Amino acid sequence: MLVLNAALCLKLTRAHPLVRTTFTAAELYLLIENHSGYSLPFFLCNAAPFGLVTGAREHALHHQLGTVHFAAHFAHFDWLLARFLARGKRSTSSDCKVA
Ligand SMILES: [Zn+2]
């Protein structure tokens, strides 16, 4: 589904064939990396700093639980959502103490 959406967006934006080819190759590589079940040293998830790129471990958890690691490749929105949810839980618990 992710690949179909990406292909549709590339078609709608009339992306240059070189951009389509590069994007498709990069997307397929990342999908294979995520579904391989391995975490090899040269994988992007291990090469990118600050844990910005998710790997097979996180993607396997996503498939097992279905409630975590929604980002297919980049983890910044998952990180932001986790901080937002944690902040909501903290404010809810403090509200309980006041009441
Ligand atoms: Zn998957």
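Thresholds applied
- Throughout this description, residue numbers start from 1 for each chain and increase along the sequence as written.
- Local features in a predicted model are, by the rule used here, given only for residues with pLDDT of at least 70; side-chain atom pairs are given and counted only at 80 or more, and totals for whole chains, interfaces and linings are based on all residues.
- For helices the rule is a DSSP run of H or I covering at least 4 residues; for strands it is a run of E covering at least 2, with both sets numbered from the N terminus onward.
- Values of the radius of gyration come from C-alpha atoms, whereas the globule rule sets the reference at 2.2 Å times the count of residues to the power 0.38.
- Field definition: a residue is buried when 20 or more other C-beta atoms are found within 10 Å of its C-beta, exposed when 12 or fewer are, and partly exposed for counts in between, with C-beta atoms placed from the backbone.
- Once C-beta atoms are placed from the backbone, any two residues with those atoms within 7 Å are in contact.
- The length a helix should cover is 1.5 Å for every residue beyond the first.
- By arc we mean the arc of the directions from the helix axis to the C-beta atoms, nothing more.

**Considerations on the overall build of the protein**
Thinking step 1. Per the secondary structure count, the protein includes five helices and zero strands.
Thinking step 2. Starting at the N terminus and ending at the C terminus, the protein contains elements arranged as α-α-α-α-α.
Thinking step 3. The C-alpha atoms of the protein give a radius of gyration of 18 Å, which is well past the 13 Å a tight globule of 99 residues would have.
Thinking step 4. Seen through its C-alpha atoms, the protein measures out along the principal axes to roughly 60 × 35 × 25 Å.
Thinking step 5. For the protein, buried positions account for 10% of its 99 residues.
Thinking step 6. Intrachain contacts of the protein at a sequence separation of at least 6 include 15% that bridge at least 24 residues.

**So, helix α2 (residues 17-35)**
Thinking step 1. Relative to the 27 Å expected for 19 residues at 1.5 Å per residue, α2 spans 27 Å between its end C-alpha atoms, a close match to the ideal helical length.
Thinking step 2. If you check which residues of α2 are buried, you get Leu30, Glu33 and Asn34. All buried residues of α2 fall inside an arc of 95° around its axis, so they share one side. For α2, exposure combined with an orientation more than 90 degrees from the buried face picks out Pro17, Thr21, Ala25, Leu28, Ile32 and His35.
Thinking step 3. Following α2 by one or two positions, Gly37 adopts a phi angle in the positive range, close to 85°.

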